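Structural characterization, general
Each chain, letter by letter, is given below.
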Amino acid sequence: MSATIPPLPDDPLAQELDDFVDRWRLVDRARELDRTPAFPKTEFAEMGAAGWLGLDRKAEDGARALPPSRAGTLLYRLAYRAGTVFAKLSLQPGFSSVLGEHGSPALVERFYRPLVKGRRLVGNHLTEPDAGSDLGRLATVATRDGSEYRVSGVKSEAAFAADADAAIVYARTPGSQGLAGITAFLIPQDSLGIRATVIEDLGERWMRRGTVRYENVRVPIDHRIGEEGEGIRYVLPELARERAYLALIYLGVARASWEQTVRHVGERVVFDRPLHEHEAVAFPLVQDWGELESCRQFAERALARIGAGERADLDTSLAKTMATTIALRTIDHAIQFHGGAGYSRALPHEQRYRDVRSGAIAHGSTEVLLRAAARAIWRPPHGRAGPFQATK
Ligand SMILES: Cc1cc2nc3c(=O)[nH]c(=O)nc-3n(C[C@H](O)[C@H](O)[C@H](O)COP(=O)(O)OP(=O)(O)OC[C@H]3O[C@@H](n4cnc5c(N)ncnc54)[C@H](O)[C@@H]3O)c2cc1C
């Protein structure tokens, strides 16, 4: 039986995006990059040249400056078509907005604008072996020495450990504690004293994550991003905004699996009936659809608020948390209802599951984001106003 599949959310750039995906064979490339992990340099450059990087970033930096809700719709579509790889590549200028918004004009010209054009890759080095969720424990130190800083410490879990041309590195000034005193620096990765090692991941293997060691690395003072001690304040709005985009990316990927499963169970006959006539199969898929769509609208609402100049930190945290859970459950149903073939690498669901699985850890783990949300609801005495106060 043919299934009725609801249309994808539309956008004036949707056809252009679909054409780009087809022209550069991004569906096949996403599978190849999983099998043979490498940074997709050619596609990154082509995406930059065609205006698919940093969709919501400023026009003066070479981006399209789309409203966040439109950028979200296109990322959802890109992830639906070709998985997480290229949608996450598109986010890279957003992930480096601390550089774009607080870096000196010279740094922006040398590193940020080339990033928007896909000619330079900039990583983010926040996490350390003893400081992930709890960034107050960050131990990398930047010591002022005349017109330079000397940076020493170990950064772990970092995407593009071996491939980034430069990284935004968060380090503390000596003697500072907690989140205060943490400063952002732009450090070219060919600087003396840097050593990177790559680890093997469950999914998103093209990111070639790893550990980067900084040993007394000399960083000119003009490579400091913004003011001393302001690094965390700069990065928080970026993290909040990007969580809403990540939510849409995971939902888009899951929608692709959902559609394929809906078609499959409409045709596959088991015990003399198509699978969809067995309610144990149909009901979970119906519920998945409701959750995928509700969460998409929730994430889009958060992006609309950001586009209107509001903060929507609580909603973006919940959007990413819920989207990851819903997407993983939906893809798991795809694996299950495709039977033995669903578990195999012949179908795309297993890779999607492995790729989306990172969403529960990266950019704020599920537990840590729920903890922050709980604090917004049950505000500690004398605590700061929670995000609910900012909700209209
Ligand atoms: C694919 C991927 C890409 C990444 N890219 C980067 C990158 O480019 N740059 C970068 O700096 N980092 C990156 N990270 C690292 C990521 O940001 C951290 O892994 C994450 O912040 C968690 O920190 P952690 O690994 O130290 O875990 P921990 O902080 O040790 O947490 C371990 C577990 O304990 C849970 N937990 C922690 N606190 C609480 C609590 N109070 N209550 C309940 N549970 C709690 C966490 O949710 C988690 O499940 C990436 C991670 C992944 C998976």
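Residues numbered from 1 in each chain as written. Predicted model: local features only at pLDDT ≥ 70, side-chain atom pairs only at ≥ 80, totals over all residues.

Turning our attention to the overall build of the chain. Broken down by element type, the chain carries 14 helices and ten strands. In terms of C-alpha radius of gyration, the chain reaches 22 Å, essentially the compact-globule figure of 21 Å for 392 residues. Seen through its principal axes, the chain has C-alpha atoms that stretch 80 × 50 × 40 Å. Evaluated residue by residue, the chain yields a buried proportion of 48% over its 392 residues. Within the chain, counting contacts between residues at least 6 apart in sequence, those at least 24 apart form 73% of the total. (Helix = DSSP H or I, 4+ residues; strand = E, 2+ residues; numbered from the N terminus. Rg over C-alpha atoms; globule rule 2.2 N^0.38 Å. Buried ≥ 20, exposed ≤ 12 C-beta atoms within 10 Å, placed from the backbone. Contact = placed C-beta atoms within 7 Å.)

Segmenting the chain into domains produces domain 1 (14–116), domain 2 (122–229) and domain 3 (232–390). Domain 2 and domain 3 are separated by 30 Å when their C-alpha centres are compared. The interface of domain 2 with domain 3 comprises nine residues on the first partner and nine residues on the second. A breakdown of the residues in the side of domain 2 that touches domain 3 according to their chemical character gives five nonpolar, three polar and one charged. (Domains from an automatic or database assignment. Nonpolar A, V, L, I, M, F, W, Y, C, P; charged D, E, K, R; others polar.)

With that out of the way, let us pick up the site of the ligand. Taken together, 20 residues surround the ligand, and among them Gly132, Ser133, Glu157, Ser365 and Glu367 come closest. By residue class, the composition of the shell around the ligand is six nonpolar, eight polar and six charged. (Near = placed C-beta within 6 Å.)

Our focus in this paragraph is the environment of Arg150. You can see Arg150 is positioned in strand S3 (residues 148–158). The class of Arg150 is partly exposed, set by 17 C-beta atoms lying within 10 Å. Distance from Arg150 to Arg205, taken between C-alpha atoms, is 32 Å for residues 55 residues apart in sequence. Not counting chain neighbours up to four residues away, the residues in contact with Arg150 comprise Thr143, Asp145, Asn216, Val217 and Arg218.

Before going further, it helps to examine the pairing of S3. As paired strands, strand S2 (residues 141–145) and S3 are joined by five bridges and run antiparallel to one another. Looking at the pairing, Thr143 lines up with Arg150 of S3. Connecting S2 to the antiparallel partner S3 that follows it, the hairpin turn spans two residues, and Gly146 within it adopts a positive phi of roughly 65°. The pairing of S3 with strand S7 (residues 210–220) spans eight bridges and is classified as antiparallel. Bridged to Glu148 within S7 is Pro220. (Pairing = 2+ DSSP bridges.)

For helix H10 (residues 313–337), which comprises 25 residues, the first-to-last C-alpha distance of 36 Å matches the rise-based estimate of 36 Å (1.5 Å per residue) to within 8%. H10 sits mainly inside the fold: 19 of its 25 residues count as buried. (Expected span 1.5 Å × (residues − 1).)

Geometrically, a packed helix pair is captured by the angle between its two axes and the distance between the axes. Packing of helix H8 (residues 231–267) against H10 leaves a shortest axis separation of 8 Å and a crossing angle of 20°. Considering their axes alone, H8 and H10 lie roughly parallel with respect to each other. In the packing of H8 onto H10, the handedness of the crossing is left-handed. Of the residues assigned to the contact of H8 with H10, the class counts are 17 nonpolar, nine polar and four charged. (Axes fitted to C-alpha atoms, helices over the stretch in contact; angles between N-to-C directions. Parallel < 35°, antiparallel > 145°, perpendicular 65-115°, else oblique. Left-handed = near helix turned anticlockwise from the far one by under 90°.)

Okay, unusual backbone geometry next. Apart from glycine, the bulk of residues carry a negative phi angle, and the bulk of peptide bonds sit in the trans form. Residue Glu204 is not a glycine yet carries a positive backbone phi of 45°. Of note, Glu204 is situated in the loop between strand S6 (194–198) and S7. Backbone geometry places His363, a non-glycine residue, at a positive phi of 60°. Looking at the secondary structure, you find His363 in the loop between helix H12 (349–357) and helix H13 (366–377).

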